[in-house]
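# Residue-level structural notes
Single-letter residue listing:
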Amino acid sequence: MPEPIKVLSQNPPGGRCTLYARYAEELSSSLGLAKRVIHTDCRDAHGEGFPALRVNGVALQPSDGVILSPEDIYAGLMAIGVDLNAAPDLVVRLGAVLERFLEGVE
């Protein structure tokens, strides 16, 4: 059984922590994987602390070094061997999450 999707977040969550939690919700729904939000005081973006989105124990990395895009997530999932056949529209769905976030829509 694969590890759950983990969001490493500060408490209360800031911008990227909130976005990554929303990405995790979509990934969980689209791929049928469990998800967990872990609150931590450790600041280590895209590593062992917040903000980070981890799948199968691997922190997904943003191509711009700052914030994960839908394409970054898709590429990261492919690189670690996650079967994406069940979610062929995953980038579009994650893009909608990002768009709602940027518009301030809950």
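Refer to the preceding data block for the structure.
Here's what I pulled together on the structure shown here. This structure is a prediction, so every number in the text was calculated from the model and none was measured.

All right, on to the overall build of the chain then. Secondary structure assignment for the chain yields 3 helices and 4 strands. Listing the helices and strands of the chain from first to last along the sequence gives β-α-β-β-β-α-α. Along the three orthogonal principal directions, the C-alpha set of the chain runs to about 35 × 30 × 25 Å. Per-residue burial for the chain yields a buried fraction of 39% across its 106 residues. Counting only contacts in the chain whose residues sit at least 6 apart along the sequence, the fraction spanning at least 24 positions is 64%. For the chain, the centre of its 9 positive side-chain charges and the centre of its 14 negative side-chain charges are spaced 6 Å apart.

A word on the pattern of salt bridges. Applying the stated criterion across every chain, the model contains 3 salt bridges. A salt bridge links Arg 93 to Glu 26, with the nearest nitrogen and oxygen atoms 2.7 Å apart. With Arg 93 in helix α3 (residues 90-103) and Glu 26 in helix α1 (residues 15-31), the pair connects residues that are 67 residues apart, well separated along the chain. In this structure, the salt-bridge partner of Glu 48 is Arg 54, at a minimum N-O distance of 3.6 Å. Note on Glu 48: relative accessible area 58%, which makes it exposed. Residue class for Arg 54 comes out buried when judged on its relative accessible area of 13%.

The next point concerns the pairing of strand β2 (residues 35-39). Where strand β1 (residues 5-9) lies against β2, 5 bridges are found, and the strand directions are parallel. Counted as the bridge partner of Ile 5 is Lys 35 from β2. Handedness of the crossover joining β1 and β2 through α1: right-handed.

A rise of 1.5 Å per residue sets the reference length of α3, with its 14 residues, at 20 Å; its end C-alpha atoms lie 20 Å apart and thus fit the reference within 8%. Three or more residues of α3 are buried, namely Leu 90, Leu 94, Val 97 and Leu 98. Taken end-on, α3 shows its buried residues confined to a sector of 95 degrees, consistent with a single buried face. Relative to its buried face, α3 has exposed residues pointing more than 90 degrees away, namely Val 92 and Glu 103. Each element contacted by the buried residues of α3 is listed here: α1 and α2 (70-79).

Basis of the calculations
- Residues numbered from 1 in each chain as written.
- Predicted model: local features only at pLDDT ≥ 70, side-chain atom pairs only at ≥ 80, totals over all residues.
- Heavy atoms only, no water.
- Helix = DSSP H or I, 4+ residues; strand = E, 2+ residues; numbered from the N terminus.
- Buried < 20%, exposed > 50% of the residue type's maximum accessible area, 1.4 Å probe, protein only.
- Contact = heavy atoms within 4.5 Å.
- Lys, Arg positive; Asp, Glu negative; His and termini not counted.
- Charge placed at Lys NZ, Arg CZ, Asp CG, Glu CD.
- Salt bridge = Lys/Arg side-chain N within 4 Å of Asp/Glu carboxyl O.
- Pairing = 2+ DSSP bridges.
- Right-handed = clockwise from strand over helix to strand, strands pointing away.
- Expected span 1.5 Å × (residues − 1).
- Arc of directions from axis to C-beta.

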